[in-house]
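Below, each chain spelled out in residue letters.
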Amino acid sequence: MYRIGEGYDVHKLVPDRDLILGGVKIPYEKGLLGHSDADVLLHSVMDSLLGACALGDIGKYFPDSDEQYRNISSLKLLNNTLRIINESISSGKIKDVDKFTICNIDSTIICQKPKLRDYIDEMRKNIADALNIDLNQVSIKATTEEGLGFTGSGEGIAVRSITLIELYK
C-alpha cells in the first residue's frame, strides 16, 4: 500500500542565529528562530514522513517545551523520526504492516535570500544519509516569491515537502 504525506514549516529569520537548512550551515547575515536548530527543511520532511504514516506531527514527538531539544540538530530529529516510524510498525501501532520503504521525498524551499543552489546537493545527501535511502530518492528545489509575502520580503523561510512511502507485509 502506498501513502503520501505532506509537510509544511516556516520559521522567522533573525540576527545572531546560524542559518541551517538540510543540515548545512549556510553563510548568511540571519538565521532561523526556533527551539532546535530551526532547520525548516528537515522539519517539513519529518512532518511529511509522519503524515504518510498517520502518526501526527513533529510537535507531538519533539515539543518545543522540552529542554532536551533546545538547539538540537534536526538531523538527529530526522533520524529519530525514522526510529519512531519503525517502532510504530513493530509495535502494531501502524496496523497490518511489517515494514515500510521511502519511495521519494520532494521539497521546495521558499525564500528570497540567500541563494541556495550551491548547497542543495549537500542537503540532499544529508537527508538521504539520515534516512538510509539513495540520493536519487531526495529532491530539493529552491524558489523565490518575487519579493511578495513574508518569504519575499526576507522575514522568513518556508518549506513544503511531500513524501511517498510504501507500507507492506
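Here the structure is shown first, and the text comes after it.
Everything numeric in this text was worked out from a predicted model, so none of it was measured.

Asker: For a nonpolar patch on the surface, give the residues involved together with the corresponding values.
Answerer: There is a patch of nonpolar side chains on the surface, built from Y8, V10 and F150 and spanning about 230 Å² of accessible area. The topology assignment puts V10 in strand 1 (residues 2–14).

Asker: Residues and numbers for the packing of aromatic side chains, please.
Answerer: Enumeration over the complete set of coordinates arrives at 2 aromatic pairs. Ring geometry for Y61 and F62: centres 6.5 Å apart, planes at 55 degrees, overall tilted. Across the pair, F62 and Y61 agree in class, each one buried. Seen in terms of ring centroids, F62 and Y69 are 5.4 Å apart; in terms of plane orientation they differ by 85 degrees. Their pairing is edge-to-face. Both residues of the pair, F62 and Y69, count as buried. Here the aromatic cluster, defined as three or more aromatic residues joined through ring pairs, consists of Y61, F62 and Y69.

Asker: Break down the pairing of strand 1 for me, citing the residues and quoting the values.
Answerer: In this sheet, strand 7 (residues 156–168) lies alongside strand 1 in antiparallel orientation, the contact comprising 11 bridges. From the neighbouring strand, V10 faces strand 7, where its bridge partner is A158. With 2 bridges joining them, strand 1 and strand 4 (residues 31–32) adopt antiparallel strand pairing. Looking at the pairing, L13 lines up with L32 of strand 4.

Conventions used here
- Residues numbered from 1 in each chain as written.
- Predicted model: local features only at pLDDT ≥ 70, side-chain atom pairs only at ≥ 80, totals over all residues.
- Heavy atoms only, no water.
- Patch = residues over 30% accessible without salt bridge, like charges linked within 9 Å, V, L, I, M, F, W, Y side chains within 5 Å.
- Areas by Shrake-Rupley, 256 points an atom, 1.4 Å probe, with all protein chains shown as cover.
- Salt bridge = Lys/Arg side-chain N within 4 Å of Asp/Glu carboxyl O.
- Helix = DSSP H or I, 4+ residues; strand = E, 2+ residues; numbered from the N terminus.
- Phe/Tyr/Trp six-rings, centres within 6.5 Å; stacked < 30°, edge-to-face > 60°.
- Buried < 20%, exposed > 50% of the residue type's maximum accessible area, 1.4 Å probe, protein only.
- Pairing = 2+ DSSP bridges.

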